[in-house]
Structure formats: structure tokens, C-alpha cells
Amino acid sequence: LYWESMEFVFDSAVIKITEDIFTDAIADVVISEKDEPDRNSFIEVIENDSVFVISLHWSHFTNTQKPSIYWNDKDKILFLGAGYVSAVINIKTKKIIDVNYPDLFWGWELIEGNILELGELDCRLYSLTGQLIGHTPVDPPYDYHASENAINFSSIVIGKTSIVYK
């Protein structure tokens with residue numbers, strides 16, 4: 001399993017994601033699933049002359065899945081997820097703000113000035129600076145929409161749930 005690297009260019013940073021070409025020894029931060037991951041990705045956050053490297057150990061039941069990111073360029077916060085792990089990292093302070101072990105990570109979405117982490121059985125809402133606002137159980141298939149005060153979810157099994165903005 002190997003795929004070419006992905007590169008994302010932002011105003012003040014370039015983020016490269018590559019598969020299994022480095023060792024953890026060069027990583028500033030290592031993030032791993034709780035169980036036994038079957039792949040390793042390296043995320044390089046390049047700002048001016050500095051490089052911050054994250055080693056991400058994760059797994060997925062398909063060979064086509066790749067890590068997902070959301071970058072807050074202003075505050076230097078990286079939202080990162082793949083397989084059964086997600087994390088929020090402050091690149092400026094080089095500290096992990098939060099690590100989550102979802103049953104299956106789906107992606108990130110910017111909603112009403114917050115970052116929504118979509119998962120198969122749980123959704124989490126973060127501020128743009130990485131602080132957890134709240135979370136709620138979900139069950140696929142589910143729908144969601146943003147209202148004035150909350151993100152509302154609806155699924156057949158769990159029913160209606162929401163995460164209120166703070």
C-alpha cells in the first residue's frame with residue numbers, strides 16, 4: 001500500500017501528507033489508535049523555515065482512505081483524523097490539545113465558525129482554537145443541519161440529538 005504525497009498550500013503554511021517514508025524518530029508528535037494500526041502517515045507542517053512533523057498510526061478497512069485535515073491558519077491549529085483516531089494539535093506551541101478515538105472517523109466540516117468532527121457513531125464540535133464544545137452520539141445513516149443555536153442530528157436508531165454552540 002503506497003500513495004503519492006498530498007500537499008496543501010495555505011497563506012502561512014504548507015502541509016504535506018505522505019505514507020510511511022519516515023520513522024517516528026523524526027516526529028515531533030506521535031498519534032496512534034488504541035488498537036493495532038495497519039498504516040503510518042506523516043504530516044509535515046512547513047512554516048517559513050520551520051517544519052513540524054506528526055507521525056499518525058491508523059487503520060482502515062479500505063485501501064483508498066487517506067487522512068483528513070482542517071487547518072486554522074490564523075491560530076496554527078491542525079485538526080487531523082484517519083481511521084479510528086483524531087487529534088487537535090496546536091502547531092505554534094507544539095502541544096496536543098485533544099485526542100479522540102472514534103469508532104470510525106469520517107471528516108471535518110466548518111460550521112458556524114466551529115469545526116465539526118463527523119464520525120460513524122459520535123460527532124464532536126470544537127472551537128477554531130481546538131477547545132471541545134460538545135459531542136453527541138449518532139448512528140448511520142444520519143442527517144445534520146446547523147440552526148441558530150446548535151447543530152441538530154437525526155438518525156433512525158438514536159433519534160434526535162444536538163450539540164449546542166457555546
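For the structure, see preceding data.
Since the structure is predicted, the reported quantities are computational estimates derived from the model, not experimental observations. (Residues numbered from 1 in each chain as written. Predicted model: local features only at pLDDT ≥ 70, side-chain atom pairs only at ≥ 80, totals over all residues. Heavy atoms only, no water.)

Colleague: Residues and numbers for the pairing of strand β6 (residues 68–72), please.
Modeller: Across 5 bridges, β6 lies against strand β7 (residues 77–82) in antiparallel orientation. If you follow I69 over to β7, its bridge partner there is L80. The antiparallel hairpin formed by β6 and β7 contains 4 residues in its connecting segment, where K76 sits at a positive phi of about 60 degrees. (Pairing = 2+ DSSP bridges. Helix = DSSP H or I, 4+ residues; strand = E, 2+ residues; numbered from the N terminus.)

Colleague: Break down the sheet that holds strand β2 (residues 14–19) for me, citing the residues and quoting the values.
Modeller: Strand order across the open sheet formed by 5 strands is β1-β2-β4-β5-β3, with mixed pairing between neighbours. Sheet topology places β1 (6–9) and β3 (29–32) at the edges, where each strand pairs with a single neighbour. Pairs of neighbouring strands in the sheet enclose a mean axial angle of 15 degrees, with direction left out of account. For strand β4 (residues 39–47) and strand β5 (residues 50–58), the ladder comprises 9 bridges, and the chain directions are antiparallel. Bridge assignment links E44 to a residue of β5, and that residue is V53. (Axes fitted to C-alpha atoms, helices over the stretch in contact; angles between N-to-C directions.)

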